[in-house]
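Next come the chains, spelled out residue by residue.
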Amino acid sequence: MSATPYNHDTIPSAPKTQETEKIEHLVLFKFKPSVSTQQRQEVVNRFMALSNSLKDGKPYLKVEYGIQNSKSPAKGNYDVGFRVTFNSIADRDYYVGKIGGQPDPQTFDQMHDDFKSFVGPLLDLNDPTTGGVLVFDFKSNEKENDSIPETEYRLDHWTLFRFKPSVTQAQKQKVIDGFLALKNSKKEGSPYIKLIDFGYQNSKEGADRGYEVAFRISFTSEADRDYYEGKSSQNAPGTFDAMHDAYINFVKEFLDIDPDLSRGIMIYDYEVKR
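Residues numbered from 1 in each chain as written. Predicted model: local features only at pLDDT ≥ 70, side-chain atom pairs only at ≥ 80, totals over all residues. Heavy atoms only, no water.

Q: Help me out: how do you make sense of the overall build of the protein in this one?
A: Helix and strand counts for the protein come out as six helices and twelve strands. Going through the 274 residues of the protein one by one, you find that 51% of them count as buried. Partitioning the intrachain contacts of the protein with sequence separation of at least 6 by distance along the chain shows that 77% fall at a separation of at least 24. Accessible surface computed for the protein: about 13000 Å², of which carbon and sulfur atoms make up 49%. (Helix = DSSP H or I, 4+ residues; strand = E, 2+ residues; numbered from the N terminus. Buried < 20%, exposed > 50% of the residue type's maximum accessible area, 1.4 Å probe, protein only. Contact = heavy atoms within 4.5 Å. Areas by Shrake-Rupley, 256 points an atom, 1.4 Å probe, with all protein chains shown as cover.)

See below:
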């Protein structure tokens, strides 16, 4: 089965969603080569413990993590990823804390600030392709009924784009509309993508590595993710998503991609651990 020619004018756009205050915060770490397995696990343990942090005496964030398992050639070089979700920009700013210019101890999360001091010396901040850390925040478009229940298996697939300087806002919107339309794609005759979440970068931490927009797709099986990623690992007829393959060919002209795929597009996949 050959890929269907991509036409952003004929593929239907995703339905409009209501405004939400959910804020997504993606953090990816690249460790120094000298960092031991035990130290890496300590980073995971201490990051996950941030879910116990309080604001005004109450828990205010959720944390998940996972180890990169993408088969895409654009999967980058990060070792571990964390997804933090907040209910408001104000909560995100409290978490970010001192980087946002908040010196008063009552206006930032001391637990997170202590974690940053701990993890900084372990990160490969001089790595030319990763910078040691990537942070990408955006206001989510996710609707509650699109979510996969927390009791079920979930594999998250993150896609980050960096556009060419010449790309217009109208062209960026076509790229976004085309990606969201992938939710209409089918596997064995039925829709198989439960959720596509997206947004423009709004982090204050200065570690977005030039990426401007991010998408998160949640799959309920690794087989569905493999079908979606397709030709990077399987290209026999019927084993990959032809609609996604056509979209890849469409979007390339708008992205600031270099030959080794170290920028322009970055993929991070992981089985969600809570």
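Q: It is not clear to me how unusual backbone geometry should be interpreted in this structure. Could you clarify?
A: Residues apart from glycine generally show negative phi values, whereas peptide bonds are mostly found in trans. A positive phi angle is found at D56, which is not glycine, with a value near 55 degrees. The phi angle at R209 is positive, at roughly 55 degrees, despite the residue not being glycine. Secondary-structure assignment places R209 in the loop between strand 10 (195–200) and strand 11 (213–219).

Q: Would you mind going over the sheet that holds strand 1 (residues 23–29) with me for this structure?
A: Strand pairing in a sheet relies on backbone hydrogen bonds, with the paired strands running either antiparallel or parallel. One open sheet holds the four strands; their spatial order is 4-5-1-6, and the pairing between them is antiparallel. The sheet terminates laterally at strand 4 (61–66) and strand 6 (133–139), the two strands that pair on one side only. Neighbour-to-neighbour, the strand axes of this sheet turn through a mean angle of 15 degrees, independent of strand direction. Across the sheet, helix 2 (residues 89–96) touches strand 1, strand 4, strand 5 (80–86) and strand 6, and the angle it forms with strand 5 is around 135 degrees. (Pairing = 2+ DSSP bridges. Axes fitted to C-alpha atoms, helices over the stretch in contact; angles between N-to-C directions.)

Q: Explain the nonpolar core here, please?
A: Soluble, globular proteins show a tendency: their nonpolar side chains are buried together. Within the largest apolar cluster, 29 residues are counted, with the highest numbers of intra-cluster contacts made by F161, V175, F179, I196, F215, Y228 and Y247. Those elements giving two or more residues to this core turn out to be strand 7 (155–161), helix 4 (169–180), strand 10, strand 11, helix 5 (222–229), helix 6 (242–251) and strand 12 (265–271). Residues within four places of F161 in sequence aside, it is in contact with V175, F179, Y211, E212, V213, F215, Y247, V251, L255, G264 and I265. Core analysis: the second largest hydrophobic core is formed by 28 residues, I23, V43, L50 and Y65 among them. (Core = buried A, V, L, I, M, F, W, Y, C linked by side-chain atoms within 4.5 Å.)

Q: In this structure, what is going on with the pattern of salt bridges? I would like to understand it.
A: Any two side chains of opposite charge can pair, given that their charged atoms come close. Taken as a whole and assessed by the stated rule, the structure comprises 25 salt bridges. Note that E64 and R274 form a salt bridge whose closest N and O atoms lie 3.5 Å from each other. Here E64 is found in strand 4, whereas its partner R274 is found in the segment after strand 12, with 210 residues between them in sequence. The class for E64 is buried, based on a relative accessible area of 9%. (Salt bridge = Lys/Arg side-chain N within 4 Å of Asp/Glu carboxyl O.)

Q: Just checking my understanding: could you explain the pairing of strand 4 for this structure?
A: Two faces belong to every sheet, and in a regular strand the side chains alternate between them. Buried residues dominate strand 4, accounting for five of its six residues. The sheet contact formed by strand 4 and strand 5 spans six bridges and is antiparallel. Pairing of K62 across the sheet is with T85, part of strand 5.

Q: Would you mind going over the side chain of T159 with me for this structure?
A: If you trace the backbone, T159 turns up in strand 7. For T159, a relative accessible area of 3% corresponds to the buried category. Among residues more than four places away in sequence, those in contact with T159 are F179, V213, A214, F215, I265, M266 and I267.

Everything listed is a geometric property; what it means functionally is a separate question.
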